[in-house]
Amino acid sequence: MSPLPSFETTTSAPAGAEATGRLVGTGPVALGREGGVSEELARRRGFCATVGERLVLADGERSEILLGAGDPGRFGTFEARRAAAVFARALAGESECVLDLRGVPAPPARDLVQAVVEGVAGASYRFEHYRSARREEPSRRVHVLVDEADLAGAEEGLARGLAVAEAVTFARDVSNRAPGDLTPTDLAEAARHLAASGGVRIEVFDEERIAAERLGGLLGVARGSAEPPRLVKMTYEPDDGVALRGADGRVPTVALVGKGITFDSGGLSLKPPTSMIGMKHDMSGAAAVLATAAACRALGVGVRVVAIAPVTENMPGGRAIKPGDVLTIRNGKTIEVLNTDAEGRLVLSDGLVLATEEEPDAIVDVATLTGACVVALGGEVAGVMGNDSVVLGALEEAARRAGEPVWRLPLPSSYRRHLDSDIADLKNVGKEREAGALVAGLVLEEFVAGRPWAHLDIAGPAHVDEARYELQKGATAFGVRTLLEFVGSFEPGGAAGPRSADHLGVG
Ligand code: BES
Ligand code: MN
Ligand code: ZN
């Protein structure tokens, strides 16, 4: 909602700078240019230069902000993003600021500046949409100071960082909106605006079309709501100049599927009041995949990206599905719904079937899917599961570069029996309190038709209850940076790998 700070790269500090940030490494080696008197002073004041630490030295007119960069030998984009976020938080009312990155030997200027822009923009984010008296902040200008030889790389990094920051801002904004103000219709409308600015095609299925397409999972979940569902499909086609081609001459396709529950009350299997708080964020997966597709052009992504978001409320209205009802997913498989609060897998099943029809080289779904994943990994780490170790490895590597922590969980085939239904092909829940995140993953696997697929359960990190580093309280847009790294580095025609955790003997 708040405009991003404006950034520019430069090789000389502007005269009127009110605040200057400088990276300082631990140990005897300064990270950037040789430390001046201030660095001596800082050490005396107990500044140790660990990542996240800062020291503001002000003389009334200007301030110098020392930013801990940690061990210079281990300094990378993760540390840079965090130090930059700390810089943004340390600023008071200054409008002209400098971030001095001269002399930083690694990472390369492009990656360094991209991470710094992500960090500053992320920490500067405000959601003031519903405040009657908006806190007006001065428009801030950040001059990113680099060495002459790094200028071209820095400019590219700046453009990339801005594209990522815009995608993150979109995803946070829609996820932070009140559920009554972001119905499925509203989310589809926001996606239309986004698509127009990103130069991507968009198609929105209304209720009638959803029925005609036999999206029985999405229709079923939507029955309890007064708001009609939507299915949003956004397609990015690379320009000829950037398009990668596989061995067969085809441009590869990555399909992204995102869970879009604009409010999850649980349906007739109603959640208790406190568990319902935060359930406006249950569309964060949809927000992430749409934001990703729309940022691909600015980032020059070389593969086709199709983002699919089934969007509905999950409500307990008079026409709601009931525990015991059976839904037929688009591929003809039937699911007995024994708990209407396990609705994400129902709408994602239809989304995944649509994704397979794009004949993609890889499918990645992103969903605030299970409380069990939050129990296992907490609020900072997403769970990742899948049927192909190559795609899983690529997604983990993308997440590492993006600085979004993920941890792989198994999909033991032997747990498939937990989903055996007395009357349908499967049921939507497994055993009480047993492997909830994995069993949810096993439901999804039924709908990917054996295509290489990975599933990201972001129930924990989709929103945070306190600000930290580049994250503000509320929606985080977790997954956007990882997905952008993933589609940006996707290699066509890689060999398929084994299923996740086959080596456990239960795979
Ligand atoms: N949206 C929730 C998952 C969730 C829980 C996200 C907590 C963020 C925080 C999902 O639709 C859900 O309700 N899952 C159930 C599944 C259960 C009924 C098998 C859950 O995790 O309790
Ligand atoms: Mn639910
Ligand atoms: Zn849900």
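Residues numbered from 1 in each chain as written. Chains lettered and ligands numbered in written order. Predicted model: local features only at pLDDT ≥ 70, side-chain atom pairs only at ≥ 80, totals over all residues. Heavy atoms only, no water.

**Remarks on the overall build of the chain**
Then, in step 1: A tally of regular secondary structure across the chain gives 14 helices and 20 strands.
Then, in step 2: For 507 residues, the compact-globule formula gives about 23 Å, and the C-alpha radius of gyration of the chain, at 23 Å, lands near that figure.
Then, in step 3: Overall size of the chain, expressed as C-alpha extent along the three principal axes, is 75 × 55 × 40 Å.
Then, in step 4: Residues counted as buried form 56% of the 507 residues belonging to the chain.
Then, in step 5: Pairs at least 24 residues apart make up 77% of the contacts formed inside the chain by residues separated by at least 6 positions.
Then, in step 6: Working note: accessible area of the chain is about 20,300 Å², and carbon and sulfur atoms make up 50% of it. (Helix = DSSP H or I, 4+ residues; strand = E, 2+ residues; numbered from the N terminus. Rg over C-alpha atoms; globule rule 2.2 N^0.38 Å. Buried < 20%, exposed > 50% of the residue type's maximum accessible area, 1.4 Å probe, protein only. Contact = heavy atoms within 4.5 Å. Areas by Shrake-Rupley, 256 points an atom, 1.4 Å probe, with all protein chains shown as cover.)

**A short note on the domain arrangement of the chain**
Then, in step 1: We note that the domain assignment places domain 1 (6-163) and domain 2 (198-502) within the chain.
Then, in step 2: Centre-to-centre separation of domain 1 and domain 2, based on C-alpha positions: 35 Å.
Then, in step 3: Domain 1 puts 18 residues into the contact, and the matching count from domain 2 is 14 residues.
Then, in step 4: A buried area of about 1,200 Å², summed over both sides, lies between domain 1 and domain 2, and 52% of it is on carbon and sulfur atoms.
Then, in step 5: Looking only at domain 1, the three residues that lose the most surface to domain 2 are Arg-81, Arg-82 and Arg-89, adding up to 38% of its buried area.
Then, in step 6: Inspection of the region where domain 1 meets domain 2 yields one salt bridge.
Then, in step 7: When the shortest N-O distance is used, the salt bridge between Glu-118 and Arg-481 registers 3.7 Å.
Then, in step 8: Connecting domain 1 to domain 2 are six residue pairs in polar contact (both at pLDDT 80 or more).
Then, in step 9: Contributing elements (two or more residues each) for the side of domain 1 that touches domain 2: helix H2 (77-90), helix H3 (109-124) and helix H4 (151-176).
Then, in step 10: Of the residues forming the side of domain 1 that touches domain 2, the biggest block, seven residues, is contributed by H2.
Then, in step 11: Looking at the side of domain 1 that touches domain 2 residue by residue, the classes come out as seven nonpolar, five polar and six charged. (Domains from an automatic or database assignment. Buried area = accessible area lost by both parts, 1.4 Å probe. Salt bridge = Lys/Arg side-chain N within 4 Å of Asp/Glu carboxyl O. Polar contact = N/O pair within 3.5 Å; in protein donor to acceptor, adjacent residues only side chain to side chain. Nonpolar A, V, L, I, M, F, W, Y, C, P; charged D, E, K, R; others polar.)

**As for the sheet that holds strand S12 (residues 325-328)**
Then, in step 1: Spatial strand order, S12-S13-S17: three strands in an open sheet with mixed pairing. The open sheet has two free edges, formed respectively by S12 and strand S17 (426-427), since each of these has just one partner strand.
Then, in step 2: The sheet contact formed by S12 and strand S13 (residues 334-337) spans four bridges and is antiparallel. Across the sheet, residue Val-326 finds its bridge partner in S13, namely Glu-336. (Pairing = 2+ DSSP bridges.)

**Considerations on the environment of Ala-196**
Then, in step 1: Here Ala-196 shows up in helix H5 (residues 184-198).
Then, in step 2: Judged by its relative accessible area of 65%, Ala-196 is exposed.
Then, in step 3: Taking the C-alpha atoms as reference, Ala-196 lies 8.7 Å from Ala-294; in sequence the two are 98 residues apart.

**As for the nonpolar core**
Then, in step 1: If you look at the biggest cluster of nonpolar residues, it comprises 62 residues, and the most contacted ones within it are Met-234, Val-305, Val-480 and Phe-486.
Then, in step 2: At nine residues, the largest contribution of residues to this core is made by helix H9 (residues 284-295).
Then, in step 3: Listed in part, the 43 residues of the second largest apolar core include Ile-321, Val-353, Leu-377 and Leu-444. (Core = buried A, V, L, I, M, F, W, Y, C linked by side-chain atoms within 4.5 Å.)

**Some words on unusual backbone geometry**
Then, in step 1: The peptide bond linking Ala-106 to Pro-107 adopts the cis configuration, its omega dihedral lying at 0 degrees.
Then, in step 2: Of note, Ala-435 is a non-glycine position whose phi angle comes to about 50 degrees, a positive value.
Then, in step 3: The topology assignment puts Ala-435 in the loop between S17 and helix H13 (436-445).
Then, in step 4: Residue classification places Ala-435 among the partly exposed positions, given a relative accessible area of 28%.
Then, in step 5: Unusually for a residue other than glycine, Tyr-469 sits at a positive phi of about 45 degrees.

**A word on the site of ligand 1**
Then, in step 1: In the region of ligand 1, 15 residues are neighbours, and Asp-264, Lys-271, Asp-341, Glu-343 and Gly-371 sit closest.
Then, in step 2: Here an oxygen atom of ligand 1 and a side-chain polar atom of Lys-271 are 2.8 Å apart.
Then, in step 3: Asp-282 places a side-chain nitrogen or oxygen 2.9 Å from a nitrogen atom of ligand 1.
Then, in step 4: Of the residues in the shell around ligand 1, the class split is four nonpolar, four polar and seven charged. (Near = heavy atom within 4 Å.)

**Notes on the coordination of the manganese ion (ligand 2)**
Then, in step 1: Bound to the manganese ion (ligand 2) are the protein donor atoms Asp-264 (OD), Asp-341 (O), Asp-341 (OD) and Glu-343 (OE), situated 2.1 to 2.2 Å from the metal.
Then, in step 2: Each of the six donor atoms around the manganese ion (ligand 2) contributes to a set of angles spanning 70 to 169 degrees, which defines the coordination as irregular.
Then, in step 3: Between the two metal centres, the manganese ion (ligand 2) and the zinc ion (ligand 3), the spacing is 3.2 Å, with Asp-264 acting as a shared donor. On the criterion of sequence distance, the pair formed by Asp-264 in strand S10 (residues 260-264) and Glu-343 in the loop between S13 and helix H10 (344-356) is long-range, its members being 79 residues apart.
Then, in step 4: The buried category is assigned to Asp-264, whose relative accessible area is 3%. (Donors = N, O, S within 2.8 Å, 3.2 Å for Na, K, Ca; no water. Tetrahedral: all angles 85-135°; square planar, octahedral: opposite > 155°, others 65-115°.)

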